[in-house]
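Close look at the chain arrangement
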Amino acid sequence: MPKEELEGICSSEEMMKSSRTEESTSDAPNFAGRLAPELWVAIFLAVVDITAQEGSRSLTMSKYHPAVIISHVSQQWRDLSLHTPALWKRIYIHIPPYLQPPKVHDPSSAVDSFFNRVSIWKRKVDQLKELAQTWIARSGNHPLSIIFDEHTAKYPKNSSDTWKPESFHADMFHLDGLIDVLCRSSSQWNDVYLGLSLTHLRHPAFRLLCVPVQSDPGVLRKVHMCIEVEEMLVSPEEWQQVFPRATAGGSILTTPSLRSLEIGPMELFSGSASSIAWEDLTDLILYGSQDVGMMDLVQILLQCRALRKCKLDVTAQCFLLRTSEDCPGPYVDLPLLEEMTVCIPYHLPPSFPSRLLLPSLRKLTLNDFYGRRTEPLDERYSGVARFVEQFGNQLTHVSLHYLTLTQSALHYCLRHLPHVVHLELLGTSYIVAPEERAVLSGDLMRALTPRFDESGRYIRDSCLCPGVEEFVCLPSPKTLDEEAFLDFIAARRAGDQSSEDGLARLQSVSMSLWGYDFETVDVMVELQMRGVELKDFVFLA
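Model, not experiment: these values are computed from the prediction. (Residues numbered from 1 in each chain as written. Predicted model: local features only at pLDDT ≥ 70, side-chain atom pairs only at ≥ 80, totals over all residues. Heavy atoms only, no water.)

1. A short note on the overall build of the protein chain
For the protein chain, the helix and strand inventory stands at 15 helices and 16 strands. Summarising the internal contacts of the protein chain: among those between residues at least 6 apart in sequence, 78% fall at separations of at least 24. (Helix = DSSP H or I, 4+ residues; strand = E, 2+ residues; numbered from the N terminus. Contact = heavy atoms within 4.5 Å.)

2. Structural notes on the nonpolar core
Core analysis: the biggest nonpolar cluster contains 139 residues, and F148, F471 and F485 have the highest contact counts within it. No other element matches helix α6 (residues 108–138), which puts seven residues into this core. (Core = buried A, V, L, I, M, F, W, Y, C linked by side-chain atoms within 4.5 Å. Buried < 20%, exposed > 50% of the residue type's maximum accessible area, 1.4 Å probe, protein only.)

3. Observations concerning the packing of aromatic side chains
A full pass over the atoms with the stated rule returns ten aromatic pairs. Plain terms: the ring middles of W88 and W135 are 5.1 Å apart, the flat faces sit at 80 degrees to each other, and that makes the pair edge-to-face. Of this pair, W88 sits in the loop between α5 (75–82) and β1 (90–94) while W135 sits in helix α6, and the two are 47 residues apart along the sequence. Residue W88 is classed as buried on the basis of its relative accessible area of 0%. Each residue in the set W40, F44 and W77 is aromatic and connected to the rest through ring pairs, giving one cluster. Over the ring of W88 we find R138, and its NZ or CZ is 4.6 Å from the ring centre. (Phe/Tyr/Trp six-rings, centres within 6.5 Å; stacked < 30°, edge-to-face > 60°. Lys NZ or Arg CZ within 6 Å of the ring centre and 35° of its normal.)

4. A look at helix α11 (residues 383–391)
When we look at burial in α11, the residues that qualify are G383, V384, A385, F387, V388 and F391. At its buried positions, α11 is contacted by β9 (339–343), β10 (356–357), β11 (363–367), β12 (397–401) and α12 (407–415). Near the N-terminus of α11, the side chain that reaches the backbone nitrogen of V384, with its oxygen 3.2 Å away, is that of S382. (Polar contact = N/O pair within 3.5 Å; in protein donor to acceptor, adjacent residues only side chain to side chain.)

5. Here's the deal with unusual backbone geometry
For D461, which is not glycine, the phi dihedral falls at a positive 65 degrees. Within the element layout of this structure, D461 appears in the loop between α13 (442–447) and β14 (470–474). Residue D461 is classed as exposed on the basis of its relative accessible area of 69%.

6. Structural notes on the side chain of T449
Note on placement: T449 falls in the loop between α13 and β14. A relative accessible area of 12% means that T449 is categorised as buried. A polar contact of 2.6 Å, which involves the side chain of T449, links it to the backbone oxygen of M445. Contact partners of T449, with chain neighbours within four places excluded, come to S462, C463, A484, D487, F488 and A491.

7. Regarding the pairing of β11
A one-sided burial pattern is seen for β11, the buried positions being L364 and L366 and the unburied ones K363, T365 and N367. The sheet contact formed by β9 and β11 spans five bridges and is parallel. Looking at the pairing, C343 lines up with N367 of β11. Relative to β12, β11 runs parallel, the two sharing four bridges. Across the sheet, the residue bridging to T365 is S399, located in β12. (Pairing = 2+ DSSP bridges.)

What follows is the structure, encoded as structure tokens:
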């Protein structure tokens, strides 16, 4: 069923619920009876799925959850709702804010008020436990989607001016009952998000990592884990010692059915990599910070031979290599990897791509921009240029943050992308790039603009990236040559995707990432005045 039709059904449901308050309740069953029960179930599931696309907060367990609202429309709908386990499969738990304790010099009344609020916090946790029990019971044996987010709890941190009550760690054990409910359902976990804030090594939420390995065949496919540890109580070294011991009897991270893993910060796990089932992963996202070494990264990637998608979001010292230094370790061979993203706030070492064997790579995103602190490099020293040089001939989708490049380096990269179909060139909307940084200049746009002979045939090799069909760009303010940009679009629209001359027809141009204001022209009006064929062309600004 098309999304537009489902959204129309959702609107109809809202109108029906609204009108129901003005009509007798006996009308609802008559309305519901017009469709077969199985069709209503399909509609209910579609409504919940559309709501899920709006974000996890939209499906928080409460009276506003779509499944609950549906169950209150009529007795027939209530029966359908309560006997459709898939409506209740999402167990979304956001721990309520614990609230910041008073300052050391606050009056005693503030302290009393704080303890009253802690009592309210405990009651909210108890309510979450009861709701989780209800949702899990109604889900039957259906695979579950679990979100347990402690980052919303905003636990107080140790500081010199904050009065942290002695009862704080004891208060945390009030989560035990809720954790028990979730752990008992672990054999049904299908995808899991754990946003943990571990205030000490015996923090109750730690048990969510240590549930037994699921039986074969398991249903767990995806784990997204983001962990915070209180710096003064749990160091990365302590964590790396305790995690292998705690998970020795089994862990969701060693489940054979696991295929997608998003984990961070990586330094918490780099010393216990053997406790994680890397070999069958197809999707991997690694977050890391200061304590991650290049060898840690290499050793993990060496175990991920089945990867198809990989993202390295590493704000780590391991990438602070001088241009003359070589990346340590063996070659990383990922024969199935199709999509790779590297995000770091430093320059990519030129030697890094040379350690990678990626024969199936088709989609590449490189973001090494960190504001004014990232100096532009030319093609001799840029790791971005080396990446594109090594893999450009096989790439079809490329996204570059070009402000880490000089103008010549950006030209160099584009010359090595003969087959790219989707091209993103991203600068910044708030910094006027200095002269030494790359810009979307008139010369660059003219280099991307195809030329034609007197008969109107495309002159082969007359432009860079002839296969581009989708172009996304974010020019720095006042750096785009708008006339050359229009020429680029007009000439690219003259291409014929079905022709054998290698020039594709431009299908879309997007500049809407952060918005770009054209100062001299209205793009679509100008293109129409030039007689450019605009049918099926999309321009977003």
